[in-house]
Amino acid sequence: MYVSNSRLPHVLPPSAYWSLESSQSENKVLLTKGWHLVGTTVELSQSGDFLTCQLLGIPIQVRNFDGQLSALSNVCAHRHCLITRLTSGRSSKMKCQYHGWEYDKTGRTQQIPVAKDFAPLDRERTQLAEYRVSTCGKLVFVSLAGDGPLLVDFLGDFFAVCSERFGQGWEPFLNEDAEHECNWKVPVEGTLEAYHVPQVHPSTFGTFPQEAKTSHVLGSNHTTLSTRLPFGASSKLDGIFQWLEARFLRLMGRIPTADYRHHHCFPNVLFSFTDAVSLCQCLVPTGPESCRSIVRQFGYVGKSRGPRRWIARIWGRLAARITKRILAEDRALFKSVQQGLRNSTHEGMLGRCEERIHAFQVYVDREVKVFVPEVKTQEVFLCRPFCDDQGLES
Ligand code: FES
Ligand SMILES: [Fe+2]
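Structural notes, computed from the coordinates.

Quick notes on the rules
- Residues numbered from 1 in each chain as written.
- Chains lettered and ligands numbered in written order.
- Predicted model: local features only at pLDDT ≥ 70, side-chain atom pairs only at ≥ 80, totals over all residues.
- Helix = DSSP H or I, 4+ residues; strand = E, 2+ residues; numbered from the N terminus.
- Expected span 1.5 Å × (residues − 1).
- Buried ≥ 20, exposed ≤ 12 C-beta atoms within 10 Å, placed from the backbone.
- Arc of directions from axis to C-beta.
- Axes fitted to C-alpha atoms, helices over the stretch in contact; angles between N-to-C directions.
- Parallel < 35°, antiparallel > 145°, perpendicular 65-115°, else oblique.
- Left-handed = near helix turned anticlockwise from the far one by under 90°.
- Contact = placed C-beta atoms within 7 Å.
- Nonpolar A, V, L, I, M, F, W, Y, C, P; charged D, E, K, R; others polar.

**Considering helix α6 (residues 237–251)**
Right, so step 1: Spanning 15 residues, α6 covers 21 Å between terminal C-alpha atoms, matching the ideal 21 Å at 1.5 Å per step.
Right, so step 2: Along α6, the residues classified as buried are Asp-238, Phe-241, Glu-245, Phe-248 and Leu-249. Down the axis, α6 shows its buried residues gathered within 95° of arc, on one side only. Looking at α6, the residues exposed on the side facing more than 90 degrees away from the buried face are Arg-247 and Arg-250.
Right, so step 3: Once α6 ends, the next one or two residues include Gly-253, with phi positive near 80°.

**Digging into unusual backbone geometry**
Right, so step 1: In this structure, Pro-120 follows Ala-119 across a cis peptide bond, with omega equal to -5°.
Right, so step 2: Within the fold, Pro-120 resides in the loop between β9 (109–111) and β10 (130–136).
Right, so step 3: The step from Phe-266 to Pro-267 runs through a cis peptide bond, and the omega angle for that step is 5°.
Right, so step 4: Among the structural elements, Pro-267 can be located in the loop between β15 (259–265) and β16 (269–273).

**Brief notes about the packing of α6 against helix α7 (residues 306–343)**
Right, so step 1: Here α6 crosses α7 at 160°, and the two axes come no closer than 11 Å. One element, α6, and the other, α7, form an angle in the roughly antiparallel class. For α6 against α7, the interelement crossing comes out left-handed. Contact residues: Leu-237, Phe-241, Phe-248 and Leu-251 in α6; Arg-308, Ile-311, Trp-315 and Ile-322 in α7.
Right, so step 2: When its residues are assigned to classes, the contact of α6 with α7 shows 7 nonpolar, no polar and 1 charged.

Shape descriptors only; they carry no functional weight alone.
See the structure below:
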């Protein structure tokens with residue numbers, strides 16, 4: 001069942017999805033202190049493995065130094081070149097691609113070619129900025145703020161769930177990093193309702209879960225949807241998926257529940273779980289009207305060996321293909337939503353089934369006070385009569 005008994009206001013005005021002022025405030029207030037998914041320990045398993053990314057405009061290299069992960073600035077202290085232009089790889093040293101300066105796990109210069117030409121060298125001034133890096137299961141997160149919450153506090157009760165669902169017995173089958181031409185909140189909000197499913201996913205899900213078998217938890221810094229698969233009697237690929245997953249689980253000695261859970265850890269980290277699939281998605285703004293989606297999907301492999309291991313891997317890859325298709329169906333909409341937000345003359349509204357979006361917008365509005373003037377005009381809308389079951393005013 002839903003929590004709300006009436007439609008809800010669209011708390012954020014369209015400008016919150018494109019203005020530079022809003023974007024800067026969100027980065028400063030919401031996202032700098034948050035934790036952002038950058039990859040998995042599987043991608044960083046060997047000493048010298050590295051991943052690079054841009055977090056809120058800051059180039060970062062996450063690197064395995066003899067078994068210890070460090071997140072350092074990827075900009076050289078010599079003459080500002082990116083230390084590496086690769087998005088991932090393995091190298092024996094963290095060495096700048098331009099003149100070969102080398103750095104250790106704390107970002108201090110280790111080796112400088114023709115060092116005598118730079119004497120006297122103040123090593124404090126050439127130390128790279130270091131950021132906090134932390135893991136949950138095999139997921140690797142980075143936070144830009146030195147004084148923000150620990151990852152365990154950021155994820156709250158969900159830390160234990162994720163430690164298990166992305167930990168031992170689970171393997172990554174999908175690594176997808178994609179650029180979107182829209183504000184970061186557009187894809188976040190797109191995952192918080194299934195109302196769009198009949199239109200956007202007609203051949204995958206086909207229908208959305210009915211209220212009677214749906215439950216929402218609306219917290220102050222998270223929301224959760226719980227339901228069961230398939231979403232509806234007429235669900236298509238979704239129905240086949242659930243049928244196959246149940247058989248796969250029995251083969252692996254587990255009892256299928258058909259439970260589906262989607263969890264949003266504010267502001268920008270999303271999880272979804274079926275019995276045998278765990279997905280984490282993080283949306284990081286790259287500008288007021290652009291963002292990057294980082295997705296890592298794991299599949300259950302247990303302790304299986306031999307043929308069962310192979311079947312588990314086939315299942316994991318099949319589930320990854322379905323996810324890629326669903327993500328592509330969603331992605332096709334984002335640019336149109338952004339164009340609409342740029343030109344909208346309406347304040348927007350949210351149905352009861354979209355109440356998780358409302359909870360998220362209330363959180364954004366509460367944290368980023370820059371939106372207050374526009375919100376006041378919408379309080380009038382809140383006073384209108386409730387909707388009847390047909391969505392008409394009573
Ligand atoms: S810019 Fe990196 S070594 Fe010169
Ligand atoms: Fe979707």
